[in-house]
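Structural characterization, general
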Amino acid sequence: MTDDTIDPVEGAPENGAQPGSWSVRIIDLSGASEDEDDTIEVVKYFIDLMHANAYARAYVRDSIERCRTPGASSKEVLENWFAFGENAEVVDAGEDGWKSSTELEDFAATPATPMERDWRAIDPRRLVDDEEIAGPPDDDDDEDDENRHEVIRH
């Protein structure tokens with residue numbers, strides 16, 4: 001098994017991380033953050049390493065696009081990103097974690113599609129389960145239904 005595979009007996013990755021325990025650190029490259037290591041925030045509770053890696057990649061992709069100015073060369077895009085952008089790294093992922101350095105040149109050379117930069121769609125803080133969508137159970141009697149009038153709009 002690889003480091004991020006699930007042990008069928010215990011249900012936990014072999015590297016000791018529990019499902020939902022992966023985190024991504026967002027790093028301010030401008031040096032303006034108050035934190036000593038320039039960490040802006042740590043996003044927690046990713047489903048698995050693949051989810052955390054996808055989030056980190058999309059986050060950096062979006063940050064680079066926000067630093068892209070019309071007509072800028074790929075070198076200028078990178079200079080802007082290093083001066084004003086935000087990096088993302090998967091905490092404690094080692095060699096299995098996505099690294100921005102492996103794709104920075106490609107990101108700077110080719111503008112991203114909206115889907116490639118949509119980190120919000122996979123943000124674990126926005127993911128909800130079916131019970132949250134359904135809302136609280138309706139324990140009221142059906143008597144109220146008899147008194148409810150339906151409004152029909154034409």
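To keep things clear, this report deals only with the structure shown in the data block. As the structure is a computational prediction, the values presented were derived from the model and not from experiment. (Residues numbered from 1 in each chain as written. Predicted model: local features only at pLDDT ≥ 70, side-chain atom pairs only at ≥ 80, totals over all residues. Heavy atoms only, no water.)

**Topic: helix 2 (residues 74-84)**
Worth spelling out the cut-off: Only protein chains enter the area calculation, which uses a 1.4 Å probe; residues under 20% of their type maximum are buried, those over 50% are exposed, and those in between are partly exposed. The secondary structure listing takes helices from DSSP runs of H or I that are at least 4 residues long and strands from runs of E that are at least 2 residues long, numbered from the N terminus. Note that the arc is defined by the directions from the helix axis to the C-beta atoms. Any two residues whose heavy atoms approach within 4.5 Å at even a single point are treated as in contact.
Three or more residues of helix 2 are buried, namely V77, L78 and W81. The buried residues of helix 2 occupy one face: seen down the axis, they fall within an arc of 95°. Turned more than 90 degrees away from the buried face of helix 2 sit K75 and F84, all of them exposed. Looking at the buried residues of helix 2, the elements they touch are helix 1 (49-67), strand 3 (86-90) and helix 3 (104-109).

**A look at the packing of aromatic side chains**
The geometry of an aromatic ring pair is captured by two quantities: the separation of the ring centres and the angle between the planes. To be explicit about the condition: Any two of the Phe, Tyr and Trp rings considered here, Trp counted by its six-membered ring, make a pair once their centres fall within 6.5 Å; the pair's planes then place it as stacked at under 30 degrees, edge-to-face at over 60, or tilted in between.
One pass over the full model with this rule turns up six aromatic pairs. Aromatic pair Y59 and W119: ring centres 4.9 Å apart, planes at 50°, arrangement tilted. Here the residue Y59 occupies a position in helix 1, and W119 occupies one in the loop between helix 3 and helix 4 (130-134), the gap between them amounting to 60 residues. Neither residue differs from the other here; Y59 and W119 are each classed as buried.

**Structural notes on the side chain of E65**
Relative to the elements of secondary structure, E65 occurs in helix 1. Classification of E65 as buried rests on a relative accessible area of 10%. Not counting the four nearest positions on each side in its chain, E65 is found in contact with F107, T110, P111, A112 and R117.

**Remarks on the sheet that holds strand 1 (residues 22-28)**
To be explicit about the condition: Between any two strands, at least two bridges found by DSSP are needed for them to pair. Interaxial angle, 0 to 180 degrees, is taken between N-to-C directions of lines fitted to C-alpha atoms, where a helix line uses only the stretch in contact.
The three strands are arranged 2-1-3 in an open sheet whose pairing can be described as antiparallel. Of all strands in the sheet, those with a lone pairing partner are strand 2 (39-46) and strand 3, marking the two edges. Sheet twist, expressed as the mean angle between neighbouring strand axes with direction ignored, is 20°. Bridge count for strand 1 against strand 3 is five bridges, and the pairing is antiparallel. The residue of strand 3 that forms the bridge with V24 is V90. Packed on one face of the sheet, helix 1 meets strand 1, strand 2 and strand 3 and runs near 170° to strand 3.

**Looking at the pattern of salt bridges**
Two side chains of opposite charge can pair, provided their charged atoms sit close to one another. Selection criterion: Between Lys or Arg on one side and Asp or Glu on the other, a salt bridge is scored when a side-chain nitrogen of the former is within 4 Å of a carboxyl oxygen of the latter.
Evaluated as defined, the whole model comprises eleven salt bridges. Of the charged contacts, one joins R57 and E103 as a salt bridge, the two residues approaching to 2.7 Å between their closest N and O atoms. Residue R57 is located in helix 1, and its partner E103 is located in the loop between strand 3 and helix 3; the two are separated by 46 residues in the primary sequence. Using a relative accessible area of 28% as the deciding quantity, one classes R57 as partly exposed. On the basis of relative accessibility, which here comes to 17%, the residue E103 falls in the buried class. For R68, the salt bridge identified is with E65, shortest N-O distance 2.8 Å. Just as R68 is buried, E65 falls in that class too.

**Some words on the environment of T69**
Among the structural elements, T69 can be located in the loop between helix 1 and helix 2. Judged by its relative accessible area of 41%, T69 falls in the partly exposed class. Distance in space between the C-alpha atoms of T69 and N80 is 8.8 Å, their sequence separation being eleven residues.

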